[in-house]
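Summary of structural features
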There are 2 protein chains.
Amino acid sequence: MTSAESSTLKQEILEQPEVLRRLLEQERATVEQIAAVIRERQPAYVMMAARGTSDNAARYGQYLFGAVNHLPVAPASPSLFTRYDQPPALGNALVIGISQSGQTPDILKVVRDARSQGALTLSITNGAGSPLAEAADHVLLMNAGEEVSVGATKTYTASLMALGMLSAALAGDDTRWDDLARVADYTAEITGAADAIVKAAERYRYMEACVVLSRGYNRATAFEIALKLKELTYMLADPYSTADFQHGPVAMVERGFPVIAAVPEGAVAADIIDLLSQLHERGAELVVASALDEALALAHTPISVPQGMPEWVSPMALVVPGQLMAYGLAIAKGLDPDHPRQLSKVTITH
Amino acid sequence: MTSAESSTLKQEILEQPEVLRRLLEQERATVEQIAAVIRERQPAYVMMAARGTSDNAARYGQYLFGAVNHLPVAPASPSLFTRYDQPPALGNALVIGISQSGQTPDILKVVRDARSQGALTLSITNGAGSPLAEAADHVLLMNAGEEVSVGATKTYTASLMALGMLSAALAGDDTRWDDLARVADYTAEITGAADAIVKAAERYRYMEACVVLSRGYNRATAFEIALKLKELTYMLADPYSTADFQHGPVAMVERGFPVIAAVPEGAVAADIIDLLSQLHERGAELVVASALDEALALAHTPISVPQGMPEWVSPMALVVPGQLMAYGLAIAKGLDPDHPRQLSKVTITH
């Protein structure tokens, strides 16, 4: 059993402001070079290949490249490459593989096949010298330092930052780089309140299932918080965009049903608050991470985040309360947050 | 309270063989015409816009168009169109909107914006004369007859059939049309065993949560069975591809944990059986729909389906045991399968 004090997971959560600052400083030149090649090739769309936490980073990319760069994003469906031996035609695509370890065979196969088809390929990985780093035309290293805990935290936010940097470089927009430069401070404000969030998790010691909601850019946040809860506490945590949630799953909500929500400022705030108000009226118990008073007022457990975060960078900060909540719940349940049962750091899938 | 005997949901489940037969017979000429236009335009990729059950049909399309027609498929992320006002550039795309009712405003907006950008657009709907039917360049009507139950069943399998017909027409391959012609018989064999499946659901009367697994073409099946369970029984049912499940969520499984799996013959059978064997060793309780003895032998509750189904059409049949299981569970729990709480037939999202 890892004691709360010596948890590497907690240390890695707290390292995130520094990891994000370093990545932004050290890799901007590389990102600008990659963006120049992409602009020259003018891909019709982006295909992203990833699993688990990295796939949640890809979910962020789906909104990011769509909204900021007008590039549609298609998920790779790795089994098309590895099991059906029928990869789609990718000649005019930018294919991005994301993997913390750079070892996952199916992601590697997507990138290799895409490159052999003549598509432009990019790997985003924390594994310098890994097979994935070697496989693509270009590689963007997270420089996050070794991630020891099985539950990925700093490599998740680093993946988001890498994608955000690429999007800003493609857009050629200095105000976006300014937005990215403030992210480390936003996350530091949240990690500064870590102990309070861990403490707030105690109330949920006997929670067995929950849903996690957000929308748009932060759909990724809902998915990643749910995955952390599953990995670290073994509870069923079901993530949804608020729009998808209304098409059926909302039927699950009854009095006392726990709902965790990330509510960013910006274009989808009103939609999310509207749904949360309905769930609140039905007696759902809400845990809300937001800077918006209207959202926080609905929550039994409100978690304040910094005000004025541009929505497009907010996923890098809004996931942090969820990471801390999952960590706190693991501690409250007497589980080892550093070594979840049945998981290893590198998952091999084909 | 609807009694089991008069349930429209059960009637609509049982209608599926007839609905599939009719759609295949009546709409083939229309589908061939649409396919001719698509072949002429040579889209670089497909974008699909859908919510809820229709989005699970789109998940099938992702593998179908990828493996059979070498077309990458991107999900639409409707909020890019409706909330961020930043739709991606779609000039060279085929954009398909799927909606049973043809009324959902966000799906409608995606199709209208895509058409105004000059993309080729297609609506698949059961709503003749609906706004979605009018919005696209081409429309493919399901002809499923009115679907009265809130939980969609026959319009789901009809959506799969419509996509399957389009894929076969694009491939110009007569053996694929032969495969489609056998689907109604496959589903009829399963609906013929409806009472036994409904009866088998009784054992799960007090189940509060489960996961639903499959892979590849039948990833859609896992998602749709999970959605039916949530809508009709309010339990948490978490769907995964077996590959994604291994990247974290597998940590949830402990002794007695219920796992529902659809195991098709073909390219992903060995992967799924391998994972189910591991879960079986850990004491998970398995409900397995399959034609494969090796898969059925692992299950506490085995559900046999017809042998020899080509994998690419198998999702139209393998979902049916899940529909019947969800219906049977609703009855066992004393719930009204025709009128789930908090849901209405047409969900309006923006």
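Above this text sits the structure in question.
Residues numbered from 1 in each chain as written. Chains lettered and ligands numbered in written order. Predicted model: local features only at pLDDT ≥ 70, side-chain atom pairs only at ≥ 80, totals over all residues. Heavy atoms only, no water.

A short note on the pairing of strand E7 (residues 236-241) of chain A
Residue and element names in this part refer to chain A. Worth spelling out the cut-off: Buried means the residue's accessible area, taken with a 1.4 Å probe over protein chains only, is under 20% of the maximum for its type, while exposed means over 50%, and partly exposed covers the values in between. Secondary structure counts use DSSP, requiring at least four H or I residues in a row for a helix and at least two E residues in a row for a strand, with both numbered from the N terminus. In this description, strands pair whenever DSSP reports at least two bridges between them.
Taken across its six residues, E7 has six buried, putting it largely inside the fold. Neither face of E7 is exposed, since Leu236, Asp238 and Tyr240 on one face and Ala237, Pro239 and Ser241 on the opposite face are all buried. Relative to E7, strand E6 (residues 209-214) runs parallel, the two being bridged by six bridges. Across the sheet, Ala209 pairs through a bridge with Leu236, a residue of E7.

Some remarks on the sheet that holds strand E6 (residues 209-214) of chain B
All names here are of chain B. How we decide: Axes here refer to lines fitted to C-alpha atoms; in helices the fit is confined to the stretch in contact. Angles between the N-to-C directions go from 0 to 180 degrees. Contacts between residues were defined by any pair of non-hydrogen atoms, one from each residue, lying within 4.5 Å.
In space, the five strands of this open sheet follow the order E7-E6-E8-E9-E10, with parallel pairing throughout. With partners counted over all chains shown, the strands left at the sheet margins are strand E7 (236-241) and strand E10 (301-304), one partner each. Direction aside, the axes of adjacent strands within the sheet are offset by 15 degrees on average. The sheet contacts of helix H13 (residues 269-281) involve E6, strand E8 (258-263) and strand E9 (285-290), and relative to E8 the element is tilted by about 160 degrees. Its contacts with the sheet put helix H15 (residues 315-332) on E8, E9 and E10, and the angle it makes with E9 is roughly 135 degrees.

A look at the packing of aromatic side chains
Just so we agree on the cut-off: Only rings of Phe, Tyr and Trp enter the pairing, Trp through its six-membered ring, and a pair is recorded when the two centres are within 6.5 Å. The plane angle decides the type: under 30 degrees is stacked, over 60 is edge-to-face, the rest tilted. Here, a charge over a ring means that NZ of Lys or CZ of Arg falls within 6 Å of the ring centre while also lying within 35 degrees of the ring normal.
Counted by the stated rule, this structure contains seven aromatic pairs over all chains. Ring geometry for Tyr217(A) versus Tyr84(B): centroids 5.0 Å apart, planes at 70 degrees, classification edge-to-face. Of this pair, Tyr217(A) sits in the loop between E6 and helix H11 (219-233) while Tyr84(B) sits in the loop between helix H4 (79-82) and strand E3 (93-99), which puts the two residues in different chains. Taking the relative accessible area as the measure of exposure, Tyr217(A) reaches 6% and is therefore buried. Judged by its relative accessible area of 11%, Tyr84(B) is buried. Grouping aromatic residues by their ring pairs yields a cluster made of Tyr60(A), Tyr217(A) and Tyr84(B). The positively charged end of Arg205(B) is found above the aromatic ring belonging to Tyr206(B), 4.3 Å away from the centroid.

A word on the packing of helix H3 (residues 52-69) of chain B against helix H11 (residues 219-233) of chain B
All names here are of chain B. To keep it simple, the criterion reads: Convention used here: angles under 35 degrees read as roughly parallel, angles over 145 as roughly antiparallel, angles from 65 to 115 as roughly perpendicular, and any remaining angle as oblique. Each residue is assigned to one class: nonpolar for Ala, Val, Leu, Ile, Met, Phe, Trp, Tyr, Cys and Pro, charged for Asp, Glu, Lys and Arg, and polar for all the others, Gly among them.
H11 packs onto H3 with a crossing angle of 170 degrees between their chain directions and a minimal axis gap of 8 Å. Relative to H11, the element H3 lies roughly antiparallel. Taken together, the residues of H11 that come into contact with H3 (itself represented by Gly52, Thr53, Asn56, Arg59, Tyr60, Gln62 and Tyr63) are Arg219, Ala220, Phe223, Glu224, Leu227 and Lys228. By residue class, the composition of the contact of H3 with H11 is five nonpolar, four polar and four charged.

So, the sheet that holds strand E1 (residues 45-49) of chain A
Through backbone hydrogen bonds, the strands of a sheet pair up, either in parallel or in antiparallel fashion. Residue and element names in this part refer to chain A. Strand order in the open sheet formed by five strands is E2-E1-E3-E4-E5, and the pairing between neighbours is parallel. A strand with exactly one partner marks an edge of an open sheet, and here the two such strands are strand E2 (73-75) and strand E5 (138-141). For this sheet, the mean inter-axis angle between neighbouring strands, taken without regard to orientation, is 20 degrees. Each of strand E3 (93-99), strand E4 (120-125) and E5 touches helix H2 (residues 16-41); the most contacted strand, E5, lies at about 155 degrees to it.

A closer look at the interface of chain B and chain A
By a widespread convention, an interface's size corresponds to the accessible area lost as its parts come together. Quick note on the threshold: A simple way to read buried area is as the amount of 1.4 Å-probe accessible surface that goes missing from two parts once joined, with both sides added. A side-chain nitrogen of Lys or Arg and a carboxyl oxygen of Asp or Glu constitute a salt bridge if their distance falls within 4 Å.
The interface is formed by 67 residues belonging to chain B together with 67 residues belonging to chain A. A buried area of about 5,500 Å², summed over both sides, lies between chain B and chain A, and 56% of it is on carbon and sulfur atoms. The largest contributions to the chain B side of the interface with chain A come from Tyr84(B), Leu236(B) and His247(B), which together make up 14% of the buried area. Counting every contact that joins chain B to chain A gives eight salt bridges.

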